[in-house]
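# Working through the structure, step by step
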Amino acid sequence: MKLAFVIQRYGAEVLGGSEHLCRLLAERLAAGHDVDVLTTCARDYITWKNEYPEGADRVRGVTVRRFANARTRDLAAFNQYSDWLFSHDHSRADEAEWLKQQGPWCPGLIDYLRRQNQQYDVLVFFTYLYAPTVLGLEIAPQRSILVPTAHDEPAIGLEMYRDVFRRPAALGYLTESERQMVQARFTDRPLLEDVTGIGVDMPQHHRYPGAAGAPGAETPGGEERDAPADGEPPDTAPQRERGSHLNARGAVFRRRHRLWGPLLLYGGRIDPGKGCEELIQYFSEYVKEGGDATLALMGVKLMPLPEEPFVRFAGLLSDRERLQALEAATIVVCPSPYESLSLLALEALSAGTPLLANARSPVLVEHCVRSNGGLYYAGRDEFVECLKLLVADGPLRAALGRNGREYIRRHYRWDVVLGKYERIFAKVRNAK
């Protein structure tokens, strides 16, 4: 089958939940299908500046066709226009202008779809929000699937998105929470819809040299030994059975970044919109109340960080280093109030590291409740008390970690996810 994936940005260097989901899915489906990714030349979502060369490319075995954006985004002007649009009566023409100002504005991609859409059996659009999806879905809706990656935000209430959720032949949701939100908001939807989700690779707990039987590793029967205390510095770490702190999970990451003691880890865009500003405020209050953990942030820094000894910037990490960081963490924090899936949460659960999540995100609450692998907070005081509890209670952390790994095993296997997509592809193609 020939498939086209339409996405606003694409590349191994591109950070973003929907972009990462699209890339993971495209790479796996390319083993059995002819997959083209149709995208823009942008690398960042702030300006949509053309940084990749226009034309065809191969990225990890997938054909990527890039089209140049016709304009960049003036973020200050767009934010001002958004404030007006969301607070005043307006027309569909006003919404069309908002869509253009939001970007990416890529007429070449839409022109290509109009000319070439017949060569594809199925078109898969990722993210409801942007112009490539809004305009692209008009071209061949009977062969189109929308993976909306939707969450409850002001933009989803715009009138034009009623057409976006009505047009495609099928909808693929990432979580049950997303499906419930979309179904409550949009009554006119395709008959074919499913929670397709995303696959997560289950990492084997790392056994560093000489670490056979080390704490935190899995036994031959698949059970996990209790994790060690959190990364004591070399001159104070006690010797443990069959090894020392050097054999512990995540020891490589801790040594590289000189991190000792309890560690709260965040990964992703370091951005106020992802809840990072509030996270630092809450964590500072935890420290004022005597907490001794360190907050480490990995990813792309899009906001200044305070010059405090308890806040550390780990930078943008490779996939291997990211796994080491997740294993090194005492707790992984998910502070974003807006999530349609949260790969960070799923990766943490797969690594056996408990979550501390923002209760304003229904998706994060769903992960915590269904997995019994984390706690969630609705404000500063709950954040502080949950963090104190998790840092102090090693057996609780170990139990949450085991629960999290089992949740991923049961619900986020790649074979299950790919099977759901294959069934949707077949139904859409056969309905032509």
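Quick caveat, the model's predicted, so the values are computed rather than measured.

A few words now on the packing of helix α11 (residues 343-350) against helix α14 (residues 394-411). At a minimum axis distance of 7 Å, the contact between α11 and α14 shows a crossing angle of 115°. Considering their axes alone, α11 and α14 lie roughly perpendicular with respect to each other. Facing L346, L349 and S350 of α11, the residues of α14 in contact are G401, G404, R405, Y407 and I408. Residues that form the contact of α11 with α14 fall into these classes: four nonpolar, three polar and one charged.

Tallied over the entire structure, the rule returns 16 aromatic pairs. Seen from their ring centres, Y128 and Y161 are 4.9 Å apart, and the 80° between their planes marks the pair as edge-to-face. In this pair, Y128 is assigned in the loop between β5 (122-126) and α5 (131-136) and Y161 in helix α6 (residues 160-166), connecting sequence segments 33 residues apart. A relative accessible area of 1% means that Y128 is categorised as buried. Judged by relative accessible area, Y161 falls into the buried class, the value being 0%.

What follows deals with α11. The element α11 is largely enclosed, with a buried count of eight among its eight residues. Every buried residue of α11 is accounted for by L343, L344, A345, L346, E347, A348, L349 and S350. Once α11 finishes, G352 follows within two positions and takes phi at roughly 80°, a positive value.

A word on the sheet that holds strand β9 (residues 263-267). Pairing is parallel across the open sheet formed by six strands, whose spatial order is β11-β10-β9-β12-β13-β14. Each having just a single partner strand, β11 (311-315) and β14 (374-377) make up the two edges of the open sheet. The sheet shows a mean angle of 25° between the axes of neighbouring strands, direction not considered. Bridge analysis of β9 against strand β10 (residues 294-298) gives five bridges, and the strand direction is parallel. Paired with Y266 across the strands is L297, a residue of β10.

Attention shifts here to the confidence of the model for the protein. Averaged over the protein, the pLDDT score is 89; the fraction of residues at 70 or greater is 90%. Residue range residues 206-229 is modelled with pLDDT below 50. Its contacts to residues more than four positions away, or to other chains, number 57 contacts.

What follows is about the side chain of R66. Tracing the backbone through its elements, the reader meets R66 in strand β4 (residues 62-67). The side chain of R66 is buried and forms no salt bridge, while D57, the nearest opposite charge, is found at 4.5 Å. Contacts of R66, omitting those with residues within four sequence positions, involve Y10, G11, T39, T40, C41, Y52, P53, E54, G55 and V59.

Membership of the largest hydrophobic core comes to 87 residues, with the highest contact counts inside it found for F5 and F383. The biggest single contributor to this core is helix α15 (residues 414-430), with seven residues. In contact with F5, not counting residues within four places along its chain, are C22, L25, A26, L29, D36, V37, L38, V124 and F126. Counting 43 residues, the second-largest nonpolar core is a separate cluster that includes Y81, Y112, A155 and Y161.

Once that is clear, we can look at the sheet that holds strand β1 (residues 2-6). On the basis of which strands lie adjacent, the open sheet formed by eight strands has the order β3-β4-β2-β1-β5-β6-β7-β8 and mixed pairing. The open sheet has two edge strands with one neighbour each: β3 (55-59) and β8 (192-195). Going across the sheet, the axis of each strand differs from the next one's by a mean of 20°, ignoring polarity. Here two bridges tie strand β6 (residues 144-147) to strand β7 (residues 170-173), and the two strands are oriented parallel to one another. Of the residues in β7, the one forming a bridge with I145 is A170. Of the strands in this sheet, β1, β2 (34-40), β4 and β5 touch helix α4 (residues 107-116), which is tilted by about 145° from β2. Its contacts with the sheet place α15 against β1, β5, β6, β7 and β8, and it is angled at close to 175° to β8.

Rules and cut-offs
Residues numbered from 1 in each chain as written. Predicted model: local features only at pLDDT ≥ 70, side-chain atom pairs only at ≥ 80, totals over all residues. Heavy atoms only, no water. Axes fitted to C-alpha atoms, helices over the stretch in contact; angles between N-to-C directions. Helix = DSSP H or I, 4+ residues; strand = E, 2+ residues; numbered from the N terminus. Parallel < 35°, antiparallel > 145°, perpendicular 65-115°, else oblique. Contact = heavy atoms within 4.5 Å. Nonpolar A, V, L, I, M, F, W, Y, C, P; charged D, E, K, R; others polar. Phe/Tyr/Trp six-rings, centres within 6.5 Å; stacked < 30°, edge-to-face > 60°. Buried < 20%, exposed > 50% of the residue type's maximum accessible area, 1.4 Å probe, protein only. Pairing = 2+ DSSP bridges. pLDDT = per-residue confidence, 0-100. Lys, Arg positive; Asp, Glu negative; His and termini not counted. Salt bridge = Lys/Arg side-chain N within 4 Å of Asp/Glu carboxyl O. Core = buried A, V, L, I, M, F, W, Y, C linked by side-chain atoms within 4.5 Å.

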